[in-house]
Amino acid sequence: MAREFLHLLRLGTHAEQDYVLRGRSFFDAIVLNANLVEGSKSAIAVLVTRLQKPYFIDPVTYAFALDPRLLRSAGPGNPRPKRSFSALAAAYGLDPGFVGVRPVTSDWFADDGAVEDFAAHVIDYQRTAIGNALADDAAFLTSELSDRAKWVGPHATLAPYFVEDFRDGWRNVNVRSLSTHASATRDLRGGAIGVDSRQLTPQNIAELAGTYAETDLDQAFMWLTNFDEHAATVGQLAGYARLTQFLASQGKAMMASYGGFYSLLLAFRGLAGSSHGIGYGDKRDLEPLVGGGLPPARYYLRPVRDFVSLADLGLVAAGISEDEFRSRICQCTICEGLLREGGVDGLIEQFTETEDRLTATGRVVAVATPRAYRLTRFHYMSVRAEEFDLIRNTETLNLVLGTLVAESRWVEGRLGLRATAHIGRWHDAMEMTEPV
Ligand SMILES: [Zn+2]
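Residues numbered from 1 in each chain as written. Predicted model: local features only at pLDDT ≥ 70, side-chain atom pairs only at ≥ 80, totals over all residues. Heavy atoms only, no water.

(A) How the structure looks around the packing of aromatic side chains. Scanning all chains against the criterion turns up 25 aromatic pairs. Aromatic side chains Phe109 and Phe118 sit 4.9 Å apart centroid to centroid with 40 degrees between the ring planes, which places their arrangement in the tilted category. With relative accessibility at 3%, the residue Phe109 sits in the buried group. Here Tyr299 and Phe351 contribute two aromatic rings whose centre-to-centre distance is 5.0 Å and whose plane-to-plane angle is 70 degrees, an arrangement assigned as edge-to-face. In this pair, Tyr299 is assigned in strand β9 (residues 298–301) and Phe351 in helix α13 (residues 333–351), connecting sequence segments 52 residues apart. Here Tyr299 and Phe351 have matching classes, each one buried. (Phe/Tyr/Trp six-rings, centres within 6.5 Å; stacked < 30°, edge-to-face > 60°. Buried < 20%, exposed > 50% of the residue type's maximum accessible area, 1.4 Å probe, protein only. Helix = DSSP H or I, 4+ residues; strand = E, 2+ residues; numbered from the N terminus.)

Written out as structure tokens, the structure is:
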């Protein structure tokens, strides 16, 4: 029997809507950040009704506690607070004057009334944002979309949350938010647990696990900030596995907020699902770097379950036959189409296509063409879908690990340990922990 494991896709920007609709067969449910919903409600609402899949709204309340400069619009001159975050603060019952000026602190929620009021607004927002946007949209009411109204409500609502840094008293606010949510709803009691992964000592893991096991939580997203599955030590990876396993053993359905293939291995440690973005969304830092332009296009190399540069794709695929490409690297629809068109060389040419662009400082740089971006992203979505199927349909962890190690060995011969070292660490971390 297939193992249940939910595949969630997180919409990162409005520009990604096309990937979501065209790639709708690749995932089970979608996660929408509340600031994105607030930024263009009717477009998102129409997307949800066209998609006809369960959705969650991540209330992103933690953002209000970050460095306020992150909530200001980029660009020269007098930076103003981002409109979507000001509107969101107001929708959450906060006076938006603080947005972009100062962060919220846990003292704001010192008394229970403040937590209850905040949680009620945040939950209500998730329940009604899409429905209200559609009600305002005359085109929707008269169109064939209206019979899709059953997709208008979220799959579950998430209590407000702030990132645990083991200092500022946020855990107390988080736990009180969860219990307010639990007593106010008959739906699935959802939440999100954000933890600064740099603080994940065994002691802190035990504390967290104990605290959240006591809450009335049915289902929760787990976000380890600044956590990179590919760079993490065996100890950190095993700590993540133990936290997941303990909460799962207490009946909490945990899902990774941002996960790569390691989070899929955690299906064997009780994880119930994993979410990722369309571009490089298998990890997320607490404070994103602002600016820097478009990241370079990269290729998701299935045998090592990691992104590599396009130069590395060239090295890996040098001199191999089409059939070898299919069996060792990829045979998704995108790669298959490119192989048929122009063989391995043609495929590499298409993925690595660049165009010259002028930078703000007047330099000419070669950047991936929009088509090369599209190809690498659809390839990624397609391979991820295949990975979720692998996890659902393989009986034991040992079989998955065996495949993983065997497939990566060939890449190691071509790119060296730098491309494959994480596989050994994943293997060791899984061996150090027990199934639920
Ligand atoms: Zn492919």
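(B) Representation of the sheet that holds strand β3 (residues 55–58) in the model. On the basis of which strands lie adjacent, the open sheet formed by eight strands has the order β3-β2-β1-β8-β7-β6-β5-β4 and parallel pairing. In this open sheet, the two strands that pair with only one neighbour each are β3 and β4 (157–158). Of the pairings in the sheet, the one linking strand β7 (residues 253–256) to strand β8 (residues 273–276) comprises two bridges and is parallel in character. Across the sheet, residue Met255 finds its bridge partner in β8, namely Gly273. Lying on the sheet, helix α3 (residues 41–51) is in contact with β1 (6–11), β2 (29–33) and β3; it crosses β2 at an angle near 175 degrees. Across the sheet, helix α14 (residues 370–393) lies against β1 and β8, angled at about 155 degrees from β1, the strand it touches most. (Pairing = 2+ DSSP bridges. Contact = heavy atoms within 4.5 Å. Axes fitted to C-alpha atoms, helices over the stretch in contact; angles between N-to-C directions.)

(C) The arrangement of the packing of helix α7 (residues 170–184) against helix α8 (residues 202–213) in detail. Remark: α7 packs on α8, axes separated minimally by 11 Å, with the N-to-C direction vectors making an angle of 25 degrees. Here α8 runs roughly parallel to α7, going by the angle between their axes. As α7 runs across α8, the sense of the crossing is right-handed. Listed contacts from α8 to Arg171, Asn174, Val175 and Leu178 of α7 are Glu207, Leu208, Thr211 and Tyr212. Residue composition of the contact of α7 with α8, grouped by class: four nonpolar, two polar and two charged. (Parallel < 35°, antiparallel > 145°, perpendicular 65-115°, else oblique. Left-handed = near helix turned anticlockwise from the far one by under 90°. Nonpolar A, V, L, I, M, F, W, Y, C, P; charged D, E, K, R; others polar.)

(D) Molecular detail of the coordination of the zinc ion. The zinc ion binds to the protein through Cys330 (SG), Cys332 (SG), Cys335 (SG) and His379 (ND1), with metal-donor distances spanning 2.1 to 2.3 Å. In this structure, the zinc ion is coordinated by four donor atoms arranged in tetrahedral fashion, with angles at the metal of 103 to 114 degrees. His379 gets classed as buried once you look at its relative accessible area, which sits at 0%. (Donors = N, O, S within 2.8 Å, 3.2 Å for Na, K, Ca; no water. Tetrahedral: all angles 85-135°; square planar, octahedral: opposite > 155°, others 65-115°.)

By themselves, these figures tell us nothing about what the structure is for.
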